[in-house]
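Tertiary structure, described
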Amino acid sequence: MNHFIKYKHLAIGLLIAIAATASGQTADSLATPLPQSQGAGISVKATLDTGDIVIGDQKTLHIFIQRDQSTKKWPKVTLPTLQQMTQGTVEALDYIADTTKDKDGSVKSIEQKVIVTTFDAGRQYIGGIAVVVDNGGVPVILAPSDSLFLVATYAADADTTKCEVKAEADVEKEPYTFWEIARWFVAAMLLAAIVFALIWIVRRRKENKPLVILPKAKPVPADKRALSELENLRRKELWQKGRIKKYYTDMTDIVRRFLRNMYGIKAAEMTTRQTLRAFHNISDWSDESETLLRQLLQKADMVKFAKSQPESHEHDLAMQNAIDFVHKVAETHRLNNVETGEK
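Throughout what follows, the structure given in this document is the object of discussion. (Residues numbered from 1 in each chain as written. Predicted model: local features only at pLDDT ≥ 70, side-chain atom pairs only at ≥ 80, totals over all residues. Heavy atoms only, no water.)

**Observations concerning the overall build of the protein**
To be explicit about the condition: Counting from the N terminus, the helices are DSSP H or I runs at least four residues long and the strands are E runs at least two residues long. Note on definitions: a residue-residue contact is assigned when non-hydrogen atoms from the two residues lie within 4.5 Å. Accessibility throughout is a Shrake-Rupley quantity obtained with a 1.4 Å probe, and a residue counts as covered only by protein chains that appear here.
The helix and strand inventory of the protein stands at eight helices and eleven strands. For the protein, the proportion of contacts with a sequence separation of at least 24, taken over those separated by at least 6, is 66%. Carbon and sulfur atoms make up 55% of the accessible area of the protein, which totals about 23000 Å².

Structural data, given as structure tokens:
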């Protein structure tokens, strides 16, 4: 029932708007704002950019909806649709609604810009400019009291009888500019570069050579590499997880790789006795470093082959022996190089 009343009022408003256009206005009066229609704390007015229009051209119709100063709350407002404003010979093509707000965020005014056109000559009235305001559940229809119209004319035809036909003028050739010449030169250079690059890539492919040769990374000293690997092994907490054999195997593998990288000793292929004998013959040998190496390798052999179960503190002691061995050998190597003047 409420919907029926709402649309009934809307129909009455549209009839009011169409009837209002029957009074007519001159084209000069269209540039000034028309009198407002007020109700429910809302005022409505409409203006045109200009009333003169060429058939098929487009003009902008401005519909202003503004809240009165005494009205604090913005009521529900329903703007006219394109279908409602397309009446008679005037067509509404598109519209944009812009909202202006106060500092507190409440709506202050709404401007609806409607694009209109006509394809008939003469004075064409615009209808359907009706705004529906919800006044406490009762729809109130507001529309501008003055009518709006377009004065449409045909485009003036050109008088071709007065055109003077002249002989075809000679075409004057402009000299080439620097940039016109330079761009061809640049294009030729780019083409040559592309061809050269393709030939170079094909040759590198045939020779199985890399297209890009990256610089070799600076080798990491053997002692720093070994210490880093030992620290990673410590963080794995293998013996705490019951993997004691794995713990000692990885530890001795790190130390054996250190001897190979540092002195070329193939300790990974040697027994404990062979490894100790080979280490004894290097120039950086010391009794302290040999003792650390012997304790580490023998403890690992007991775990791997004799299934020995060391105490918890012995696991940490074995790791410390490995670290101290690497430090001691590296320090002795540096001291020997300083004494002999080697770099």
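**Re the pattern of salt bridges**
Close approach of charged atoms allows side chains with opposite charge to pair. What counts, and what does not: Any Lys or Arg side-chain nitrogen found within 4 Å of a carboxyl oxygen on Asp or Glu counts as a salt bridge. When accessible area is computed with a 1.4 Å probe and restricted to protein chains, residues below 20% of their type maximum are described as buried, those above 50% as exposed, and intermediate ones as partly exposed.
Tallied over the full model, the rule gives ten salt bridges. Across the pair Lys246 and Asp250 runs a salt bridge whose closest N-O atoms are separated by 3.3 Å. Separated by four residues within a single helix, Lys246 and Asp250 lie in helix α5 (residues 244-263), roughly one turn from each other. Residue classification places Lys246 among the partly exposed residues on the basis of a relative accessible area of 37%. Owing to a relative accessible area of 15%, Asp250 belongs among the buried residues under this scheme. Glu314 is paired through a salt bridge with Lys299; the nearest N and O atoms lie 2.7 Å apart. Taken together, the residues Glu314 in helix α8 (residues 312-340) and Lys299 in helix α7 (residues 287-305) connect sequence positions 15 residues apart.

**A word on the packing of aromatic side chains**
Under the convention used in this document: Working definition: a ring pair exists when centres of Phe, Tyr or Trp rings (six-membered ring for Trp) sit within 6.5 Å. Plane angles under 30 degrees give stacked, over 60 give edge-to-face, the rest tilted.
Applying the stated criterion across every chain, the model contains four aromatic pairs. Here the aromatic rings of Phe178 and Trp179 are separated by 5.2 Å at their centres, their planes lie at 75 degrees, and the arrangement is edge-to-face. The exposure class assigned to Phe178 is exposed, which follows from its relative accessible area of 59%. Assessed through its relative accessible area of 66%, Trp179 is described here as exposed. Ring centres of Phe258 and Phe325 lie 6.1 Å apart, and the angle between their planes is 85 degrees; on these two criteria the pair is classed as edge-to-face. Highlighted residues: Phe258 in helix α5 and Phe325 in helix α8, separated in sequence by 67 residues. Since its relative accessible area comes to 2%, Phe258 is described here as buried. An aromatic cluster of at least three residues, connected via ring pairs, comprises Phe258, Phe279 and Phe325.

**Some thoughts on the sheet that holds strand β3 (residues 52-54)**
Put simply, the rule is: One bridge is not enough; two strands pair if DSSP finds at least two bridges between them. Between N-to-C directions, angles cover 0 to 180 degrees, with each direction set by a line fitted to C-alpha atoms, over the stretch in contact for helices.
Spatially, three strands are ordered β3-β11-β8 in an open sheet, and the strand pairing comes out mixed. This sheet does not close on itself; its edge strands, each paired only once, are β3 and β8 (122-126). For this sheet the average axis-to-axis angle between neighbouring strands, irrespective of direction, equals 35 degrees. Taken together, the five bridges between β8 and strand β11 (residues 148-153) define a ladder with antiparallel strand orientation. Counterpart to Arg123 in the pairing with β11 is Val151.

**Observations regarding helix α4 (residues 222-236)**
Put simply, the rule is: Expected span of a helix, by definition, is 1.5 Å for each gap between consecutive residues, and there is one gap fewer than residues. It is the directions from the helix axis to the C-beta atoms whose arc is reported.
With 15 residues, α4 should cover 21 Å at 1.5 Å per step; its first-to-last C-alpha distance of 22 Å lies within 8% of that length. Every buried residue of α4 is listed here: Ala222, Asp223, Ala226, Leu230 and Leu233. Across the axial projection of α4, the buried residues extend over an arc of 95 degrees, all falling on one side. The outward face of α4, more than 90 degrees from its buried face, is lined by the exposed residues Lys224 and Arg235. Glu237 sits one or two residues past α4 and shows a positive phi near 55 degrees.

**A look at the pairing of strand β2 (residues 42-48)**
Taking burial as the measure, the seven residues of β2 include six buried ones, the bulk of the element. Here seven bridges tie β2 to strand β4 (residues 58-67), and the two strands are oriented antiparallel to one another. Residue pairing for β4: Ala46 is matched across the bridge by Ile63.

**Thoughts on the packing of α5 against α7**
Quick note on the threshold: Take the far helix as your reference; a near helix turned counterclockwise from it by less than a right angle gives a left-handed crossing, and one turned clockwise gives a right-handed crossing.
For the pair α5 and α7, interaxial distance at closest approach is 9 Å and the crossing angle is 145 degrees. Seen from above, α5 lies across α7 with left-handed handedness. Across from Ile244, Lys245, Tyr248, Thr249, Met251, Thr252, Val255, Arg256 and Leu259 in α5, the residues of α7 making contact are Leu293, Leu296, Leu297, Lys299, Ala300, Val303 and Lys304.

**Considerations on the pairing of β11**
Of the strand pairs in this sheet, β3 and β11 are connected by three bridges, and their pairing is parallel. Bridge pairing links Asp52 to Val151 in β11.

**Points about the side chain of Asp223**
Tracing the sequence through the fold places Asp223 in helix α4. The residues touching Asp223, leaving out its near neighbours within four places in the chain, are Phe258, Val326, Ala330 and Arg334.

**A word on unusual backbone geometry**
Its identity as a non-glycine residue notwithstanding, Glu237 has a phi of 55 degrees, on the positive side. Relative to the helices and strands, Glu237 resides in the loop between α4 and α5. For Glu237, a relative accessible area of 41% gives the class partly exposed. One non-glycine residue, Lys307, lies in the positive phi region at around 55 degrees. The topology assignment puts Lys307 in the loop between α7 and α8. You can call Lys307 exposed: its relative accessible area is 70%.

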